[in-house]
Amino acid sequence: MIARDAERLPEGPAIRGKLGRDDLIMRGGMVVIALYLLVTLAFPLYAMLSKSISTYSFDLAAFELQVSDDEGRFDGTIRTAAELNEATGAYTPADLIAGSDGRLGVTAFFPDFSFRSPVRYRIRNATDDGRFLVGSTLHDDTSWQELDSNTFRRVQLRPVETRGLGNFASYFSTPALFNSIQNSIVIAVISTIVTVTLAFWFAYALNRSCMRFKGLFRLIAMMPILVPSLLPGIALVYLFGNQGMLKDLMFGASIYGPIGIVIGSVFFTFPHAFIIISTALAISDARLYEAATALRASRWRTFWTVTIPGARYGLISAAFVVFNLVITDFGLPKVIGGQFNVLAVDIYKQVIGQQNFEMGAVVSVVLVIPAILAFAIDRAVQSRQVALLSARSVPFAPKPDRKIDRFFFAYACAIGLFIIGLLGVCQFAALVRFWPYDLSLSLNNFQFDRMDGGGWGSYFNSIRLALLTAVIGTAVIFFGAYLVEKTRGFRTGRALFQMFAMLPMAIPGMVLGLAYIFFFNNPANPLNAIYGTMAILVICTVTHFYTVSHLTAVTALKQMDREFESVAASLKQPTMKLFARVTVPVCLPAVLDISIYLFVNAMTTVSAVVFLYSPKTTLASIAVLNMDDAGDIAPAAAMGMMIFYTNALARILHLVASRGILARAQAWRMR
């Protein structure tokens, strides 16, 4: 009866909880960090996209000219530049397509022009859009400019800007540029297959066998993450280059091109694939293997029916991560790619080599497409992942098998030799006096101040950048993750924030760096003042590596029960006090992991900052690139090894400091 009455009751008004002071503070904080992502990510990308559809061409109808006789008298005849061009055929339609900095001389319209002639010329803009230069003076009004012949030869027309897909049409109609797409995809696919295969068996050896020295091999596998991607390219040059130690092993093939890029890509992406696959293989239910044994399934069949399905999400994720890293990498193809063009190097060539920023933006847009597709597919696949371990699961423990253990030990030694070997060659290259003529050891290559392309100042700039990125980035990212995870309500705002936080992972470093040029190098932008300073390098690096750090922080915060907030509210304690005294100490391991992740990546990053440094803010990784360009390969290897030493030392100090800090802050975990 009561239930029936309740069913007949009219619906009451929706009751909304009253926002407290803490709620407003948290929402305000989230808005501030969301604005940071908007300014440092969304606006620059929009500026780059706008640039890619900006086309420039010379509108000859926008200029009018008059010519005097030998006495300097004008008869009043006015002709547009278009009419003159039609009469003389000075420029073809293709010549009239230009970049933003394009210039077109006017003397070509007059076949009998001579700068010693007494003839005088008049020129003006026929429309408000017209612009022309006399020397370095820009004229954008419609008044006549009368010039003698000697001055007239310094007149240059400027193009007008229009919007359209002309740049894309030009890109896809240029075979050399269009081949870069095919080259990039082929290299990325081959590198992905090789890396994931090698990393899978290496991770399998460490997780599913009882071989010795697992800790040492795990340490070796992580070493490539401490060096910039350019370094394996330098090592390969010393091994298989024109004067390489093992050149004969190439059997006439050249290391400068796809072979070198693939080998180098396998080296620097190996740790990323290994971590993901190792995590997937570390979790398995022993009952499945017991069932397979009871059913008398062969090891091969068990491998394909139990092991691979259990690790499939890790394999897929590793494949997409490696694909993304290879297709967006700039340093390695630049060092060892030779004439084999890829998209990331094309961006560099267009922007630095040809100053064609519009075409650089077009290549960037093309490069973003496969990167975003790979990222989106990976996220979709990961969303289907379900827990493999339940409360009743029994952790799998490998059993000793002398034959298999020896085989995997030999395999791990081969992988370890590959990694240590490339680093060892770089170390040798850094110490040898003059390869291959004088092999005596010396520290001359470490005298960076005497080399072109970089000095010790670059190295210390990198340390400064890494420290600032680690401190500022950790604070901003962890606080942002806390706000998005612990704020009550505000679902739309949290969803938008989460979307912005995930976006940097899909944006290649080269694209982000180029987007920063278009956005921050605009004099109309109030933030233009930070262009060319250390501040923009820190902002770009934090934004570039935002996503992984954000996910690490969110994962740690999810482990904290929301009852902490409820208890703090019942005790009338401010949320920020709870954050400082409870949340941060509990999540300190994740905070420390984020800081060292940002430090190491800031030391090794090349692609995102290669467009943004100034003479005062050159970085060590950029110095490696510049010295290699200048032919100082040995000093480049020495600078690369300095980055390796620094990152290794930072890792050791981080490990020691973490133990001390965690022993004090995490004592409650030991009880």
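Residues numbered from 1 in each chain as written. Predicted model: local features only at pLDDT ≥ 70, side-chain atom pairs only at ≥ 80, totals over all residues. Heavy atoms only, no water.

A. View of the packing of helix α16 (residues 456-486) against helix α19 (residues 534-544). At a minimum axis separation of 9 Å, α16 and α19 run at an interaxial angle of 55°. By the angle between their axes, α16 is oblique relative to α19. In this structure, α16 meets α19 at a crossing whose hand is right-handed. Contact with α16, carried on its side by Asn461, Arg464, Leu465, Leu468, Thr469, Ile472, Gly473 and Ile477, involves Met534, Leu537, Val538, Thr541 and Val542 of α19 and no other residues of that element. Here the residues of the contact of α16 with α19 are counted per class, giving eight nonpolar, four polar and one charged. (Axes fitted to C-alpha atoms, helices over the stretch in contact; angles between N-to-C directions. Helix = DSSP H or I, 4+ residues; strand = E, 2+ residues; numbered from the N terminus. Parallel < 35°, antiparallel > 145°, perpendicular 65-115°, else oblique. Left-handed = near helix turned anticlockwise from the far one by under 90°. Contact = heavy atoms within 4.5 Å. Nonpolar A, V, L, I, M, F, W, Y, C, P; charged D, E, K, R; others polar.)

B. Geometry of the domain arrangement of the protein chain. What the domain assignment lists for the protein chain is domain 1 (63-159), domain 2 (169-408) and domain 3 (448-669). Once you take the C-alpha centre of each, domain 1 and domain 2 turn out to be 57 Å apart. (Domains from an automatic or database assignment.)

C. Representation of the environment of Gly314 in the model. Here Gly314 lies in helix α11 (residues 299-328). In this structure, the C-alpha to C-alpha distance between Gly314 and Ile276, residues 38 residues apart in sequence, is 5.8 Å. Every residue in contact with Gly314, bar those within four places of it in the chain, is listed here: Ile276, Ile277 and Ala280.

D. Highlighting the sheet that holds strand β9 (residues 145-148). Within the open sheet, the four strands sit side by side as β3-β2-β6-β9. Their pairing is antiparallel. Looking at which strands have only one partner, the edges of the open sheet turn out to be β3 (79-80) and β9. Bridge count between strand β6 (residues 120-125) and β9: four bridges; the pairing is antiparallel. Across the sheet, the residue bridging to Arg122 is Glu146, located in β9. (Pairing = 2+ DSSP bridges.)

E. Main features of the sheet that holds strand β10 (residues 155-157). Pairing within the open sheet is antiparallel, and its four strands lie in the order β5-β10-β7-β8. Looking at strand neighbours, the two that pair on one side only are β5 (104-105) and β8 (137-139), the edges of this open sheet. Note that strand β7 (residues 132-134) and β8 share three bridges and pair antiparallel. Across the sheet, residue Leu133 finds its bridge partner in β8, namely Leu138.

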